[in-house]
Amino acid sequence: MEVLYDSPPLAISYDPAHEWLYVEWRGSHTAASARSGGEQVLACLRQQPCRKMLNDNTQVTSDWESAARWVGGEYYRQLAELRMHYVAWVCATNWSARKSMEMAMLFITEPTVVLFDDVATAYTWLARQGRY
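Given the structure is predicted, the values throughout are model-derived calculations rather than measurements.

## Looking at the pairing of strand 4 (residues 52-60)
Turning to step 1, where the next piece is worked out: With seven of its nine residues buried, strand 4 lies for the most part within the structure.
Turning to step 2, where the next piece is worked out: The sheet contact formed by strand 3 (residues 20-27) and strand 4 spans seven bridges and is parallel. Counted as the bridge partner of Leu21 is Met53 from strand 4.
Turning to step 3, where the next piece is worked out: Each parallel crossover has a hand, and for strand 3 linked through helix 1 (residues 31-47) to strand 4 it is right-handed.
Turning to step 4, where the next piece is worked out: After leaving strand 4, the chain enters helix 2 (residues 68-81) and then returns to the sheet as strand 5 (residues 86-90), a path that is right-handed.

So this is what it looks like as structure tokens:
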């Protein structure tokens, strides 16, 4: 994996073997940190274009509900504009963080986003997408 960005609350890597971004969110997030993290993901996607993303929220420990509309609407729309086709979104184990994710899902129209409870299942699903 090629590390594109790494900070305590967010790490973004590119997996050249699978040609996808691996985005790992960590710890407590607010509306502001969700938005700034999303902007960082978009910047990395511009740097390393790809069609798939494994979005790992297993380590998120807080809700970010006030950013759910922006994440589900604006952020995911921008991902689609940058040609992102498939996102495997791994749910947080924290209930309030998971609730924020489910709220964001209400606003997503594209790309294709599927929620998972574990990274292994998300990885397997993502690897199978886009095969022709």
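## Focus: empty space enclosed by the protein
Rolled over the atoms, a probe as big as a water molecule pinpoints where empty space is left.
Turning to step 1, where the next piece is worked out: Overall, the coordinates contain one cavity of 30 Å³ or more when judged by the stated rule.
Turning to step 2, where the next piece is worked out: For the largest cavity, the calculated volume is near 130 Å³.
Turning to step 3, where the next piece is worked out: Breaking the lining of the largest cavity down by element, the ones donating at least two residues are helix 1, strand 4 and helix 2.
Turning to step 4, where the next piece is worked out: Residues belonging to the lining of the largest cavity are distributed by class as follows: eight nonpolar, four polar and no charged.

## Comments concerning the layout of surface pockets
Turning to step 1, where the next piece is worked out: Counted as a void, the largest pocket has a volume near 180 Å³.
Turning to step 2, where the next piece is worked out: Lining the largest pocket, in full, are Tyr14, His18, Glu19, Trp20, Pro49, Cys50, Arg51, Lys52 and Ala127.
Turning to step 3, where the next piece is worked out: In the lining of the largest pocket, the residues fall into five nonpolar, one polar and three charged.

## Considering the pairing of strand 3
Turning to step 1, where the next piece is worked out: Taking burial as the measure, the eight residues of strand 3 include six buried ones, the bulk of the element.
Turning to step 2, where the next piece is worked out: As judged from the six bridges shared by strand 2 (residues 10-15) and strand 3, these two strands associate in the antiparallel manner. Within strand 3, the residue paired with Ser13 across the bridge is Tyr22.
Turning to step 3, where the next piece is worked out: Hairpin connection from strand 2 to strand 3: four residues lie between these consecutive antiparallel strands, with Glu19 at a positive phi of about 55 degrees.

## Thoughts on the pattern of salt bridges
Turning to step 1, where the next piece is worked out: Here the structure, examined in full by the defined rule, presents seven salt bridges.
Turning to step 2, where the next piece is worked out: Here Asp6 and Arg26 are joined by a salt bridge, their closest N and O atoms 3.3 Å apart. Pair noted here: Asp6 is in strand 1 (residues 2-7) and Arg26 is in strand 3, with a separation of 20 residues, a long-range link.
Turning to step 3, where the next piece is worked out: Classification of Asp6 as exposed rests on a relative accessible area of 53%.
Turning to step 4, where the next piece is worked out: For the salt bridge of Arg26 with Glu24, the shortest nitrogen-to-oxygen distance reads 3.2 Å.
Turning to step 5, where the next piece is worked out: One salt-bridge network, held together by shared partners, links Asp6, Glu24 and Arg26.

The rules behind these values
- Residues numbered from 1 in each chain as written.
- Predicted model: local features only at pLDDT ≥ 70, side-chain atom pairs only at ≥ 80, totals over all residues.
- Heavy atoms only, no water.
- Buried < 20%, exposed > 50% of the residue type's maximum accessible area, 1.4 Å probe, protein only.
- Helix = DSSP H or I, 4+ residues; strand = E, 2+ residues; numbered from the N terminus.
- Pairing = 2+ DSSP bridges.
- Right-handed = clockwise from strand over helix to strand, strands pointing away.
- 1 Å grid on protein atoms, 1.4 Å probe; cavity = no way out; pocket = protein on both sides within 12 Å on 5 of 7 lines; lining within 4 Å.
- Points joined across faces, edges and corners; volume = space filled by probe spheres on them.
- Nonpolar A, V, L, I, M, F, W, Y, C, P; charged D, E, K, R; others polar.
- Salt bridge = Lys/Arg side-chain N within 4 Å of Asp/Glu carboxyl O.

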